[in-house]
Each structure stands twice: as structure tokens, then as C-alpha cells.
Amino acid sequence: MNTTTIFSDKKSNSEKIKKQYGILMKYKPVWLIILSDSNIISELIEWLKTLQSGVIVYSKTLWEIKISENVVVTSNIDEQLLVWFDFVLCDDEIQNLWKYLEKWIVPIVTRKNHMSSLLREFNPLKNEWNAFFYDETNVWNIFYSLIRYLENYKFPFDNKNLVNNILKV
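Everything numeric in this text was worked out from a predicted model, so none of it was measured. (Residues numbered from 1 in each chain as written. Predicted model: local features only at pLDDT ≥ 70, side-chain atom pairs only at ≥ 80, totals over all residues. Heavy atoms only, no water.)

*Asks:* Would you mind going over the overall build of the chain in detail, with residue names and values included?
*Replies:* Across its full length, the chain carries five helices and seven strands. Traced from its N-terminal end to its C-terminal end, the chain shows the element sequence α-β-α-β-β-β-β-α-β-β-α-α. Whereas a compact globule of 169 residues would reach a radius of gyration of roughly 15 Å, the chain reaches 15 Å, a difference of no more than 12%. In terms of principal-axis extent, the alpha carbons of the chain reach across some 40 × 35 × 25 Å. For the chain, with 169 residues in total, the buried portion stands at 50%. The long-range share in the chain, meaning contacts at least 24 apart out of those at least 6 apart in sequence, stands at 55%. Surface exposure of the chain reaches about 8600 Å², of which carbon and sulfur atoms provide 53%. (Helix = DSSP H or I, 4+ residues; strand = E, 2+ residues; numbered from the N terminus. Rg over C-alpha atoms; globule rule 2.2 N^0.38 Å. Buried < 20%, exposed > 50% of the residue type's maximum accessible area, 1.4 Å probe, protein only. Contact = heavy atoms within 4.5 Å. Areas by Shrake-Rupley, 256 points an atom, 1.4 Å probe, with all protein chains shown as cover.)

*Asks:* I'd love a proper account of helix 4 (residues 139–153), names of residues and values included.
*Replies:* Spacing of three or four residues puts side chains on the same side of an α-helix, whose turn is 3.6 residues. Given a rise of 1.5 Å per residue, 15 residues ought to cover 21 Å, and the 21 Å separating the end C-alpha atoms of helix 4 matches this to within 8%. Along helix 4, the residues that are buried comprise V139, I142, F143, S145, L146, Y149, L150 and N152. On its buried face, helix 4 sits against strand 1 (30–34), helix 2 (38–48), strand 5 (87–90), strand 6 (106–110), strand 7 (132–134) and helix 5 (156–167). The distance from a side-chain oxygen at the start of helix 4 to the backbone nitrogen of W140 is 3.1 Å, and the residue carrying that oxygen is N138. (Expected span 1.5 Å × (residues − 1). Polar contact = N/O pair within 3.5 Å; in protein donor to acceptor, adjacent residues only side chain to side chain.)

*Asks:* Which residues make up the pairing of strand 1, and what values go with them?
*Replies:* Taken across its five residues, strand 1 has five buried, putting it largely inside the fold. Side chains of strand 1 alternate between two faces, with V30, L32 and I34 and W31 and I33 buried alike. Where strand 1 lies against strand 2 (residues 54–58), five bridges are found, and the strand directions are parallel. Looking at the pairing, I33 lines up with V57 of strand 2. (Pairing = 2+ DSSP bridges.)

*Asks:* So what about helix 2? Which residues, and what values?
*Replies:* Taken together, the buried positions of helix 2 are I40, I41, L44, I45 and L48. Each buried residue of helix 2 lies within a common arc of 135° when the element is viewed along its axis, so the set occupies one face. Of the surrounding secondary structure, the elements contacted by the buried residues of helix 2 are strand 1, strand 2, strand 4 (71–74), strand 5 and helix 4. The N-cap residue of helix 2 is D37: its side-chain oxygen and the backbone nitrogen of N39 are 2.8 Å apart. (Arc of directions from axis to C-beta.)

*Asks:* Tell me what's going on with the nonpolar core, and back it up with residues and numbers.
*Replies:* L89 and L146 are the most contacted members of the largest nonpolar core, which totals 58 residues. Looking at which element gives the most residues to this core, the answer is helix 4, with six residues. Filtering out sequence-adjacent residues up to four positions away, L146 remains in contact with W31, L44, L48, F87, L89 and I108. (Core = buried A, V, L, I, M, F, W, Y, C linked by side-chain atoms within 4.5 Å.)

*Asks:* Talk me through the sheet that holds strand 1; I want residue IDs and the actual numbers.
*Replies:* Spatially, seven strands are ordered 3-4-2-1-5-6-7 in an open sheet, and the strand pairing comes out mixed. With one partner strand each, in any of the chains shown, strand 3 (65–66) and strand 7 form the two edges of the open sheet. As judged from the four bridges shared by strand 1 and strand 5, these two strands associate in the parallel manner. Bridge pairing in strand 5 links L32 to V88. Most of the contacts of helix 4 go to strand 7, to which it runs at about 165°, and overall it touches strand 1, strand 5, strand 6 and strand 7. (Axes fitted to C-alpha atoms, helices over the stretch in contact; angles between N-to-C directions.)

*Asks:* Lay out the side chain of N130 in plain terms, naming residues and giving numbers.
*Replies:* Within the secondary structure, N130 sits in the loop between strand 6 and strand 7. Within the local environment of N130, its side chain forms a polar contact with the backbone oxygen of L118, the two atoms lying 3.0 Å apart. A polar contact is formed between the side chain of N130 and the backbone nitrogen of R120, at a distance of 3.0 Å.

*Asks:* Outline the side chain of N159, supporting the account with residue identities and numerical values.
*Replies:* Along the chain, N159 falls in helix 5. Judged by its relative accessible area of 4%, N159 is buried. Of the polar contacts made by the side chain of N159, one reaches the side chain of N152; its length is 3.4 Å. If near-sequence neighbours (up to four positions away) are discounted, N159 is found in contact with F7, Y149, N152 and Y153.

Right under this line is the structure:
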């Protein structure tokens, strides 16, 4: 499957995610956040509410709740909808990272991850590599990596190159 088809499908099917989780249609992109530290999740959610993106936060420790018109916390992610997420942010829950890459989902992970031999920080100037990293597991570093991804997402050419690089992994 080529990136034109992937992006067309992601755009049309992101509406399914938004409908299922009650996120307003106007928000793009759609994110999946899987962090093990509920304190970081709680703090990060306050900042996420201000962004123009749909955010699904997966948490086993927090209950199912719609936080705002763009942020939902859930303990149940429909596996069939995974492919339509634009990126996944995760920390120690990276055993599923390969599954996310197979579904063309951009990873935002700690620099010390088990797939570091395959993942490198995306360089938009050279259109190289396939991920975004944060150095320390704290809300500041994580949010900074999210903003760097959003800056890349604004430029369709760069984002297509990023997804193409993921397809090559």
C-alpha cells in the first residue's frame, strides 16, 4: 500500500475513532497515548486539552471518561481502529511497538527503547528516519516531543516522508 492510499484511508477512517470515542470531528490528527505513570497522564491531559488534536489515552488505572471535546481516557482500545491513529506515544509499554509500526503509526517513545536499532529521530530536512523521542520520562520532555511531532504533521510532505520511512522498517 502506498502513502497516498494510507493517508486517504487514515483521513476517512479517523472519523470512526472520533465517533466511537465522542471526539469532535474538527480535531486532527488523532493520537493514541499509552503511558504507565498515571501522574504523568493526569498532568499531561491538562495540556492536551488545549491542542487541536483528538487524543485517546489508554489507561488500566483510570476509568473511562471523556475529559474534554478532544481528550478521552479509556481502558478499551478497539484493535480494528488502531491503524487509523496518526501516532502513538508510549513509555515502558513498548512491547506492542512493532504492532504499531506495522499499522503505519508514528512512534513517540523514550530514547532508551528496545527497538533503538530500528528507530531514529526523524530529520525533516533530510527526510530521514522514522520516530520522535523524549529523553526523560517526565511531562515536560513528553510534551515537547508531542509538539515537535505536531510541527512535522503540519507539513504534509514531511509527514508523508515520515510514514514512508516507517513502512521501510
